[in-house]
Amino acid sequence: MTTRDIISWNTVIAGYSRCARVEDSIRVFKITRQRDTISWNSVIAGCVQNGMFDEGLRLFRQMLKDNVIPGSVSFSSIMPACAHLTTLNLGKQLHGYIMRCGFDDNVFISSSLVDMYAKCGHIRTAGWIFGGIKGRDMVSWTAMIMGCALHGYAEDAISLFEQMKLEGIRPNHVAITAILTACSHAGMIDEGRRYFDRMTEEYGIRPGLEHYAAMADLYSRKGKLNDAYQLISTMTTPTGTIWSLLLSACRVHKNVDLAEKVASKIFEVDPENIGARVLLSNIYANDGRWKEAAKVRMTMRNMGIRKNPACSWIEVKNKIHTFIADDKSHPLHDEINIALCELQEKMELAGYVADTSEVLHDVDDEQKKYLLYGHSERRAIAFGIMSTPAGTTIRVIKNIRICVDCHTAIKLISKIVGREIVVRDNSRFHHFRDGECSCGEYW
């Protein structure tokens, strides 16, 4: 195969990836007889950019097995997969490889490392890497600002944002999203409004969906539901996703009337929105309106819609362990139950009383308590405590919002076992240490 042939094949691989036809890109890659670094980089980047993170990691490992030496582009392409999948151990291994290859002074790779460590719960390591970047660009600044935002360090995020401007870097739409997210996670309404107004006046950036979503989230978290409703209503074509932010807040703040109004808006633009129907059912159940809740569930069944189960996962010894509430499939199921019972006894001695207000099942209080004890994040934490040395930080990811009772329980567990427990739910990071949480009870 000539050099011209390789270039042609690589062009086809990259072209399919850019058009989101990743399967075709992989198929062409597989039949290419001779591959160079560009071939591997193109197919890996295509997988990662189109959300096929596991496949991207598999191909990267295969590249190493085939003795293809990765370059700076290779690492920049694969690091987002580690960040998304929160595979911290693999990310650390890649970091070591990057240092051995002498790429740690590359601003693009360093920015990817900042993003990876922040999204894997290591915000201090992310800050250390960020501090060592020479010639920081918009990507590195934004990665660090968003990292602070997701961990609830809003004041640090604002300080970084203002420092970035002082160094002559003009904020783009991504940086504005990051700073609005920081304000949202800390309830800083005045600051959020100021940045939202200034993005057009000072930076010439028209608000996009992500900016409206961040502001709607800020209003909603703070309980200003009508302000959020009015803001969303000013949008030309609000999506079901942005209305769902407000619907979720209606559940938290127990506003059933507005929830019904918002749900109707969602179903107008997105009739098969699973999350919205689940939320509406839960809102009815939380208000004791079991017939309405059952009606929503029946509609879902008739439409063939199934709710995705709440699940949590934890990485131990380079292996991801996934937990679903009351799931008995884990090989150490019995041992985990024993550990949970022991923790429960110690928690109750410390004054824990179960908060069953968010158990949305029409059962008695004892059954509600039992359901709480089996929540997926508690099972993952118990397994982590069993499987790691004393003092090791426990890091758990959950696909939905952590409930109030689990939040209280994990604070107590962190004090009882003397460990830091980091939980990332679908909104932000919670760092539990010595009976306290970094969120300050605001999430």
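Residues numbered from 1 in each chain as written. Predicted model: local features only at pLDDT ≥ 70, side-chain atom pairs only at ≥ 80, totals over all residues. Heavy atoms only, no water.

So, the overall build of the chain
Here's step 1: Counting its regular elements, the chain contains 22 helices and 6 strands.
Here's step 2: Rg of the C-alpha trace for the chain: 24 Å, near the compact-globule value of 22 Å for 443 residues, within the 12% margin.
Here's step 3: Judged by the C-alpha coordinates and their principal axes, the chain covers about 75 × 55 × 50 Å.
Here's step 4: The buried share of the chain, taken over its 443 residues, is 50%.
Here's step 5: For the chain, long-range pairs separated by at least 24 residues make up 62% of all intrachain contacts whose partners lie at least 6 apart in sequence.
Here's step 6: Put simply, the chain shows about 21,400 Å² of open surface, and 51% of that area lies on carbon and sulfur atoms. (Helix = DSSP H or I, 4+ residues; strand = E, 2+ residues; numbered from the N terminus. Rg over C-alpha atoms; globule rule 2.2 N^0.38 Å. Buried < 20%, exposed > 50% of the residue type's maximum accessible area, 1.4 Å probe, protein only. Contact = heavy atoms within 4.5 Å. Areas by Shrake-Rupley, 256 points an atom, 1.4 Å probe, with all protein chains shown as cover.)

Some thoughts on the UniProt feature "repeat: PPR" (unreviewed entry) in the chain
Here's step 1: According to UniProt, the positions carrying the feature "repeat: PPR" (unreviewed entry) are residues 5–35, 36–70, 137–171 and 172–207.
Here's step 2: Helix makes up 74% of residues 36–70 and strand 0%, and the two end C-alpha atoms of the span are 10 Å apart.
Here's step 3: Counted over residues 172–207, helix gives 75% and strand 0%. Its end C-alpha atoms are 11 Å apart. (UniProt positions renumbered as here; feature names shortened; annotations may be inferred.)

Looking at the nonpolar core
The nonpolar side chains of soluble globular proteins are, as a tendency, buried together.
Here's step 1: Formed by 100 residues in total, the largest nonpolar core has its most connected members in Phe161 and Leu246.
Here's step 2: Look past the residues within four positions of Leu246 in its chain and what remains in contact with it is Ser220, Leu225, Ala228, Tyr229, Ile232, Leu258 and Val262.
Here's step 3: If you look at the next biggest cluster of nonpolar residues, it comprises 31 residues, including Phe323, Cys403, Cys406 and Ala409. (Core = buried A, V, L, I, M, F, W, Y, C linked by side-chain atoms within 4.5 Å.)

A short note on helix α4 (residues 53–65)
Here's step 1: An ideal rise of 1.5 Å per residue puts 18 Å on 13 residues; α4 measures up with 19 Å between its terminal C-alpha atoms.
Here's step 2: Along its buried surface, α4 packs onto α2 (22–31), α3 (37–49), α5 (72–85) and α6 (88–101).
Here's step 3: Of the residues one or two after α4, Asn67 is the one with positive phi, at around 60 degrees. (Expected span 1.5 Å × (residues − 1).)

Section: the state of the cysteines
Here's step 1: The final tally for this structure, using the stated rule, is 0 disulfides.
Here's step 2: Cysteine Cys439 is unpaired, with the sulfur of Cys437 as its nearest cysteine sulfur at 3.5 Å.
Here's step 3: Judged by relative accessible area, Cys439 falls into the buried class, the value being 7%. (Disulfide = S-S within 2.5 Å.)

A few points about unusual backbone geometry
Here's step 1: Located in the positive-phi region is Asn67, a residue other than glycine, with phi close to 60 degrees.
Here's step 2: Examined against the element boundaries, Asn67 turns out to sit in the loop between α4 and α5.
Here's step 3: Judged by its relative accessible area of 69%, Asn67 is exposed.

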